[in-house]
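Here are the chains, one letter per residue:
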Amino acid sequence: MKTIGDIRAALRSGHGFPGDRESFEADLQRALEASSETDLNAVAEVIVDYRGRIRLYQDPDFDIAVQEGIDLTARLKQEEQGR
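Residues numbered from 1 in each chain as written. Predicted model: local features only at pLDDT ≥ 70, side-chain atom pairs only at ≥ 80, totals over all residues. Heavy atoms only, no water.

Overview of the packing of aromatic side chains
Quick reminder of the rule: Only the six-membered ring of Trp is used, alongside the rings of Phe and Tyr, when aromatic pairs are assigned; centres must lie within 6.5 Å, and planes under 30 degrees apart are stacked while those over 60 apart are edge-to-face, with the rest tilted. Secondary structure follows DSSP: runs of H or I at least 4 residues long count as helices, runs of E at least 2 residues long count as strands, and numbering of each begins at the N terminus. Note on exposure labels: buried denotes an accessible area under 20% of the residue type's maximum, exposed denotes more than 50%, and partly exposed covers the range between, all computed with a 1.4 Å probe on protein chains only.
Enumeration over the complete set of coordinates arrives at 3 aromatic pairs. With a centroid separation of 5.2 Å and an interplanar angle of 70 degrees, the aromatic rings of phenylalanine 17 and tyrosine 57 are classed as edge-to-face. With a gap of 40 residues between them, phenylalanine 17 in the loop between helix H1 (4-12) and helix H2 (20-34) and tyrosine 57 in helix H3 (residues 41-58) connect regions that are remote in the sequence. When its relative accessible area of 22% is taken as the criterion, phenylalanine 17 is described as partly exposed. Overall, tyrosine 57 belongs to the partly exposed group, its relative accessible area being 37%. Relative to phenylalanine 62, the ring of phenylalanine 17 lies with its centre 5.4 Å away and its plane at 70 degrees, an arrangement referred to as edge-to-face. Here the residue phenylalanine 17 occupies a position in the loop between H1 and H2, and phenylalanine 62 occupies one in helix H4 (residues 60-81), the gap between them amounting to 45 residues. The exposure class assigned to phenylalanine 62 is buried, which follows from its relative accessible area of 19%.

Spelled out as structure tokens, the structure:
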């Protein structure tokens, strides 16, 4: 997934986090407006960011890691309230 078209296709297919499809277009537009003809680093950063988000969302271990974080947070809150 190296092109803007690849990322758009993945987001249209439901990959990525909720709202990423719309956010990608807005972030890409801002990056394009801030870029010069010879410096497209901001555009590249948007592409890299969303490519990573799509890959992260597809990682089967991601849901497990999120749940572990939620469980740990709940446990810490309960421990704090018990003090």
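That was the structure; now back to the text.
Focus on H3
So the rule is basically this: In this analysis, the expected span of each helix is defined as 1.5 Å times one less than the number of residues it contains. Of all possible arcs, the one meant is that of the directions from the helix axis to the C-beta atoms. When checking whether two residues touch, look at their non-hydrogen atoms; a contact exists if any pair is within 4.5 Å.
Across its 18 residues, H3 extends 26 Å between first and last C-alpha, which sits within 8% of the 26 Å expected from 1.5 Å per residue. All buried positions along H3 are accounted for by Val43, Val46, Ile47, Tyr50 and Ile54. End-on view of H3: buried residues confined to an arc of 95 degrees, all on one side of the axis. Exposed positions of H3 whose direction lies more than 90 degrees from the buried face are Asn41 and Glu45. On its buried face, H3 sits against H1 and H2.

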